Amino acid sequence: MADDQHEEVSKKVSAKEEIRRGITVMRRVVQGRSRGIILDVYWSNQGQLIEPNGHTLTSFIGALVRNEIPITCDDWRNKELNESKEKIWSEIKRCFNIEEERRGFCMKLAGKLLRGFRTFLSSKFLKDADGNFVDAELPKKYESLISAEEWEAFKSKRQDPVFQRISATNRERASSPAYPYRKRRVGYGRLEQSMLQKEESSETSLPAHVLWKEARVGKSGVPQEEVLHVYQKCEELSQSLSPDDTKGILSRALDVPEYSGRVRGKGFGVTPTSLSIKKGKAPSNRELHARLEAMQAELDALRREREASASTVYRDASDKDSINCTFQPNIPEGISHCQLYLSSPYYRMVGKGKVHNVSGVLLHTRELPAGCLKVSVDIAVEPNAALPYPSDDSDATTVHEAVGSFVAWPTNLICVGYETPTKSKSKDNAIPRHTESTVSRKELQENEVSNASAQQKKEVSNASARVKSSGAKKTVARKKPTTKYRSCLRTFLEMTDIPTGGVRNVHMEVGIFGFDYDQMIGNEDFMQVFSHEEIGVTVVNTYIRFLYDKLMRPNGLDVSFGFLAPATVNLGLILSRPDTVTEYVLRILMDNKDAEKLFFIPFNTGGHWLLLAINPIREIVYYLDSLGNDWTTYPDMKVLIDTVLQAFRAQRDIQTSRRGANSITWIKVACPQQRNQIDCGYFMLRFMRDTLDLGRLKIPTDYFDEFKCAFYTKDQVDEIKEEWCQFMIELNVCS
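Everything numeric in this text was worked out from a predicted model, so none of it was measured.

Visitor: Residues and numbers for the environment of glutamate 722, please.
Guide: Assignment of secondary structure puts glutamate 722 in helix α25 (residues 714-730). Judged by relative accessible area, glutamate 722 falls into the buried class, the value being 6%. Once the C-alpha coordinates of glutamate 722 and valine 529 are considered, the two residues, 193 residues apart in sequence, prove to be 9.2 Å apart. Within the structure, the side chain of glutamate 722 is placed 3.0 Å from the side chain of arginine 486, a separation counted as a polar contact.

What follows is the structure in structure tokens.
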């Protein structure tokens, strides 16, 4: 599209002809600022400019960019433009009441308007009616904006064969669109606003295909037949697809190829990322519980089917030859104390009793099912858990109902003694491979408490929903965590191919680590959290995505804090490829050299996680190690960070004395200390979370008073796990 300020001019004019409309300088805005009038700016639900003052801000940015940026600039990302961009942004803030987080949108809009202005100059003054090049003089109208040298360079660029070839390709691609846009300067955002106001709707947005159709209705008010055909096809698709599967409805109807990052039918400023933020920014506790209840209902139905099948197998057992006439070799012969487990929907202990491993034993005059032993249930740990083989004689279907009686129990789910089974069990009596790594003493103890009764779980769930709906915010997040999201996520996983080797992708957008990629996540990563094992880089990266989505961007902290990728900055790469690490860190710092910012580096030494927090402007490095080591323990790490900060100083042309050349400040923070060999990763994640919670660029030497403690408790570590699991559920990684 041509520049907004010149798009209404349709008649071709020569270089000598003057256009009646003058240059837009937006005197009204500047004069209003002198009188103390600062204009408010409003945004749609998708982050687009709307009225009032949306059109005014667009025109004002167009006027600024024509005055500050030369028309010979072809690369908007050129670092040499940073000073001019900063001046444009400061002028915008002086005249408009606008948040700092909108800077990115305004800069993208400025680049778009600059391209439109160059296109306008080329088409109006350098081409005749047939599209042939004309060697025109600099129009007098623009002598105040464009120097003679810039104009000659601009003309020379337009005559370059390479440029003309690219221009011809783009012009051919954009010519004769099948469904032309007919709302002229009214963008999708303002069009959507006017439609909602006209309909007096309480909705905050409209479906993409509805906007797309309205944008192609001309002055007659009647859409073309082709447009109606596409719209009707979209309506049919929207009825047949689930509400969560809205991606590509318009693209499917148009049957055209798409490129990554495009949101068709929404206009400038809307990206897949911005839409996902609006959809999944903060689902209510009630919505999450509704999803959990739906999944639970489905699991109950599957359990009933399994019980019915098990009952059939049990009844048919008497017709077979003796199945269990000898004792099981992995369980001591005779009668032994035991723990009773179930593996579905997740592995946990449900009761305690005695196992009767006696040759030729019968159960209520019947032979035992294959692979089972006779047990007597003494204690119900999870009273409402369903028996693996319900008893026809006693009508017992749950563990509680079986207390004091004998039932059949699968051998591989019986653990002799009162010790928790571990991976060191013999192979014949081992837990199935895909669930074995999920079991740990702590996890089973948590399940014993959290699954004490179904009624207690329901009461906790309802109480949590009441607290959420009553308006409690930060205090809710700090309540003692449960295992509900871990249990739910584990249930979801067992319904997928992930436990058998399947993987999923979590998108990491460019704003997180400075590059765009998809993070693969598999069963091993989930098991690290479920079983309280040492976490790897995948868990760290996806938790950082949680911090970025939930704490940083919604609160505008992305302008004050940043992350460096732990997969790129670690001790192994520093030793093997120091140049690669240096180049990456320096690039990120230089991209943010104009504002003070604190960068988190989750640093892995090969078997231990620690945190570096760098303020490159002040040349301060905060060192947080939950083992209490000093940074001198890792000299290569310190040398590389010092080298990068010195290079950063040099590229910013900061002069310093010879004595001060190596005066980079390292501060060892007295952070909470771990009490085992596993928690370092969880502690490191909490260090970042605590800092973002307070939003401070300075970390006190003795740590923050609000979170100061000798060590993080189990509940504080579990809170990290629950946040991660809840976020994985929200991202639908198990779909």
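Visitor: Describe the nonpolar core, naming the residues involved and giving the relevant values.
Guide: Generally speaking, nonpolar side chains in soluble globular proteins are found buried as a group. In this structure, Phe526, Leu612 and Trp724 are the most contacted members of the largest nonpolar core, which totals 94 residues. Tallying contributions element by element places helix α20 (residues 537-552) first for this core, with nine residues. Non-local contacts of tryptophan 724, meaning those with residues more than four positions away in its chain, are made with Leu489, Ile521, Asp525, Phe526, Val529, Val539, Thr542 and Tyr543. Listed in part, the 29 residues of the second largest apolar core include Leu49, Leu57, Ile69 and Cys73.

Visitor: Requested: an account of the pairing of strand β5 (residues 334-342), with residues and values cited.
Guide: The side chains of a regular strand alternate between both faces of the sheet. The buried count for β5 comes to seven of nine residues, which makes it a mostly enclosed element. Examined bridge by bridge, β5 and strand β6 (residues 348-357) share nine bridges and lie antiparallel to one another. Note on β6: the bridge partner recorded for cysteine 338 is glycine 353. With three bridges joining them, β5 and strand β9 (residues 414-416) adopt antiparallel strand pairing. Within the sheet, the bridge partner assigned to leucine 340 lies in β9 and is isoleucine 414.

Visitor: If you had to explain helix α7 (residues 188-199) to someone new, which residues and values would you point to?
Guide: Across its twelve residues, α7 extends 16 Å between first and last C-alpha, which sits within 8% of the 16 Å expected from 1.5 Å per residue. Those residues of α7 lying buried are Tyr188, Gly189, Arg190, Leu191, Glu192, Gln193, Met195 and Leu196. Those residues of α7 hidden inside the fold are in contact with β3 (49-50), α2 (54-68) and α8 (208-214). In the segment just after α7, glutamate 200 is the residue with positive phi, at about 50°.

Visitor: Give me the lowdown on the sheet that holds β9, citing residues and values where you can.
Guide: Within a beta sheet, neighbouring strands are joined by backbone hydrogen bonds and run either parallel or antiparallel to one another. Read across the sheet, five strands follow the order β8-β7-β6-β5-β9 without closing on themselves; strand pairing throughout is antiparallel. With one partner strand each, in any of the chains shown, β8 (406-410) and β9 form the two edges of the open sheet. In this sheet, neighbouring strand axes are inclined to one another by 45° on average, regardless of whether the strands run parallel or antiparallel. Taken together, the six bridges between β6 and strand β7 (residues 372-380) define a ladder with antiparallel strand orientation.

What counts and how
- Residues numbered from 1 in each chain as written.
- Predicted model: local features only at pLDDT ≥ 70, side-chain atom pairs only at ≥ 80, totals over all residues.
- Heavy atoms only, no water.
- Helix = DSSP H or I, 4+ residues; strand = E, 2+ residues; numbered from the N terminus.
- Buried < 20%, exposed > 50% of the residue type's maximum accessible area, 1.4 Å probe, protein only.
- Polar contact = N/O pair within 3.5 Å; in protein donor to acceptor, adjacent residues only side chain to side chain.
- Core = buried A, V, L, I, M, F, W, Y, C linked by side-chain atoms within 4.5 Å.
- Contact = heavy atoms within 4.5 Å.
- Pairing = 2+ DSSP bridges.
- Expected span 1.5 Å × (residues − 1).
- Axes fitted to C-alpha atoms, helices over the stretch in contact; angles between N-to-C directions.

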